[in-house]
Amino acid sequence: MALSESSRNALLPGYLYAAPAAAGSPFAAAGGGVGGRAVAAPSAAVAGGPAVWARAPSEPGRRIEMYTPAFYAACTAGGIASCGLTHMTVTPLDLVKCNMQIDPAKYKSISSGFGVLLKEQGPKGFFRGWVPTLLGYSAQGACKFGFYEFFKKYYSDIAGPEYAAKYKTLIYLAGSASAEVIADIALCPMEAVKVRVQTQPGFARGLSDGLPKFVKSEGYAGLYKGIVPLWGRQIPYTMMKFASFEMVVEMIYKYAIPAPKSECSKNLQLGVSFAGGYIAGVFCAIVSHPADNLVSFLNNAKGATVGDAVKKIGLVGLFTRGLPLRIVMIGTLTGAQWGIYDAFKVMVGLPTTGGVAPTPPAAKA
């Protein structure tokens, strides 16, 4: 039984009877080609209706192109997820560390510090200050990772392919330092409130009442009183975090894994990201610890100066007070951050960070 034109169209996929492309397009000419053979485009006039095309549909998944606005937006979102969530999770460790730095006579060790907090404030006390921690480090992570990717590309373009490959470590250091300057401006107000809430029992329950009290006591400028020590802590920390991560991951793929990175599974690549991040975190903790003690002291004591902190804590204390706990905290934190960040990049179709050293262009004959 003959089928009407409308019935035939209902049985065939739309792309098979779509109208021919406009003149001048690749499909309007007689050379669309199937399997390397030219195929003439059918004429609608001959068939008396829409032309029939035997072309397979092609709808490739949308991919984010490297170094486009969408790429930097994805890196920013990955930074929010990696930094905000991880810092909030380790709030109990951060709480004990800050109190050990401020009052070592009361919080003598990690175990006794947890015991004192549990006795005085109960289990809920371990997460005091989690809201400013989440918000502050989410903002910091957005700027830290997003701007790092931007500045790394920007400085590489300025240097050119040959010098970018030769001085890649300097580019990692410069890119991460530039990003952290911006990131700390976003973090500083929340960090000031967090430290005050965590180290002064009774000051406030959290951000909602802590921020107005802090501003009333110190003024809005007081929220940035610790910006210079914060830069002193975070810029070396981030330079070490990114440069050592890039170098460690490159060495893991070069010496510990027999296959090239491109042939490794995504799970293996994410495992390398976590391992590289943890090793980098240990170095970060050691380099940035003196400034971390200064930030805690200045944000806790009204009107205090850096000289007061050095006199009170001592030079040895600046480098050692609370360091073992901070190594555990920062190592785990940094490993988790790189793992989450690269997992997010994989989820949106981007490659994981690091592992392939840039190569200079081949010399022209």
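Quick notes on the rules
Residues numbered from 1 in each chain as written. Predicted model: local features only at pLDDT ≥ 70, side-chain atom pairs only at ≥ 80, totals over all residues. Heavy atoms only, no water. UniProt positions renumbered as here; feature names shortened; annotations may be inferred. Helix = DSSP H or I, 4+ residues; strand = E, 2+ residues; numbered from the N terminus. Areas by Shrake-Rupley, 256 points an atom, 1.4 Å probe, with all protein chains shown as cover. Core = buried A, V, L, I, M, F, W, Y, C linked by side-chain atoms within 4.5 Å. Buried < 20%, exposed > 50% of the residue type's maximum accessible area, 1.4 Å probe, protein only. Contact = heavy atoms within 4.5 Å. Phe/Tyr/Trp six-rings, centres within 6.5 Å; stacked < 30°, edge-to-face > 60°. Lys NZ or Arg CZ within 6 Å of the ring centre and 35° of its normal. Axes fitted to C-alpha atoms, helices over the stretch in contact; angles between N-to-C directions. Parallel < 35°, antiparallel > 145°, perpendicular 65-115°, else oblique. Nonpolar A, V, L, I, M, F, W, Y, C, P; charged D, E, K, R; others polar. pLDDT = per-residue confidence, 0-100. Expected span 1.5 Å × (residues − 1). Arc of directions from axis to C-beta. Salt bridge = Lys/Arg side-chain N within 4 Å of Asp/Glu carboxyl O.

The protein chain is annotated in an unreviewed UniProt entry as Mitochondrial phosphate transporter from Urochloa decumbens. Recorded in UniProt under Sequence similarities (unreviewed entry), the annotation for the protein chain is "Belongs to the mitochondrial carrier (TC 2.A.29) family."

(A) Structural view of the overall build of the protein chain. Counting its regular elements, the protein chain contains 13 helices and 0 strands. Tracing the protein chain from N to C terminus, the helices and strands come up as α-α-α-α-α-α-α-α-α-α-α-α-α. Accessible surface, the protein chain: about 18400 Å² in total, of which carbon and sulfur atoms supply 67%.

(B) Highlighting the nonpolar core. In terms of nonpolar packing, the biggest core is built from 24 residues, with Phe145, Tyr253, Ile257, Val272 and Trp338 touching the most fellow members. Those elements that place two or more of their residues in this core are helix H3 (69–89), helix H6 (130–166), helix H7 (168–199), helix H9 (227–256), helix H10 (266–300) and helix H13 (323–347). When residues of this core are assigned to their parent elements, the largest contribution, 7 residues, is made by H9. Setting aside residues no more than four positions away along its own chain, tyrosine 253 makes contact with Ala259, Lys261, Cys264, Gln269, Val272 and Gly355.

(C) Representation of the packing of aromatic side chains in the model. Tallying each qualifying case throughout the model produces 18 aromatic pairs. Ring centres of phenylalanine 150 and phenylalanine 151 lie 5.3 Å apart, and the angle between their planes is 75°; on these two criteria the pair is classed as edge-to-face. Judged by relative accessible area, phenylalanine 150 falls into the partly exposed class, the value being 36%. With centroids separated by 5.8 Å and ring planes inclined at 75°, the aromatic side chains of tryptophan 338 and tyrosine 341 adopt a geometry described as edge-to-face. Of this pair, tryptophan 338 and tyrosine 341 both sit in helix H13, separated by 3 residues, roughly a single helical turn. Each of the two residues, tryptophan 338 as well as tyrosine 341, counts as buried. Put simply, the rings of Tyr67, Phe71, Tyr72, Phe147, Phe150, Phe151, Tyr154 and Tyr155 pair up and form one aromatic cluster. Geometry around tyrosine 67 places lysine 153 over its ring, the cationic atom sitting 5.2 Å from the centre.

(D) Just the packing of H10 against helix H11 (residues 306–313), in detail. Interhelical geometry of H10 versus H11 gives an angle of 110° and a closest axis separation of 10 Å. When the interaxial angle is binned, H10 and H11 end up roughly perpendicular. Residues Asn293, Leu294, Phe297 and Leu298 of H10 pack against Val306, Asp308, Ala309, Lys312 and Ile313 of H11. Along the lines of polarity and charge, the residues of the contact of H10 with H11 split into 6 nonpolar, 1 polar and 2 charged.

(E) Structural detail: the confidence of the model for the protein chain. When pLDDT is averaged along the protein chain, the result is 82; 80% of the residues meet or exceed 70. No element of the protein chain has a lower mean pLDDT than helix H2 (residues 44–47), which averages 46, and none a higher one than H6, which averages 96. Contacts of residues 51–60 to residues separated by more than four positions or lying in other chains number 20 contacts, the stretch itself having pLDDT below 50. This model gives residues 358–365 a pLDDT under 50, and the stretch forms 10 contacts once residues within four places in sequence are excluded.

(F) Structural view of helix H5 (residues 110–121). The end-to-end C-alpha distance of H5, which contains 12 residues, comes to 16 Å, matching closely the 16 Å that a straight helix rising 1.5 Å per residue would cover. Those residues of H5 that fall on the buried side of the exposure criterion are Gly113, Val116 and Leu117. When H5 is viewed along its axis, its buried side chains cluster within an angular range of 95° and face the same direction. Of the residues in H5, the exposed ones pointing more than 90 degrees away from the buried face are Ser111 and Lys119.

(G) Layout of the pattern of salt bridges. If you walk through the whole model with that rule in mind, you get 15 salt bridges. For lysine 194, the salt bridge identified is with glutamate 191, shortest N-O distance 4.0 Å. Here lysine 194 pairs with glutamate 191, and both are found in helix H7, just 3 residues apart, close to one helical turn. Given the relative accessible area of 3%, glutamate 191 is considered buried. A salt bridge links aspartate 292 to arginine 233, with the nearest nitrogen and oxygen atoms 2.7 Å apart. Note that aspartate 292 is positioned in helix H10 and arginine 233 in helix H9, a separation of 59 residues in sequence. In this pair, the class of aspartate 292 matches that of arginine 233, namely buried. In the salt-bridge network here, residues are joined through shared partners; they are Asp94, Lys97, Glu191, Lys194, Arg233, Asp292 and Arg326.

(H) Structural view of the environment of leucine 170. Relative to the elements of secondary structure, leucine 170 occurs in helix H7. Judged by relative accessible area, leucine 170 falls into the exposed class, the value being 54%. Spatially, the C-alpha atom of leucine 170 lies 9.6 Å from that of tyrosine 155, the residues being 15 residues apart in sequence.

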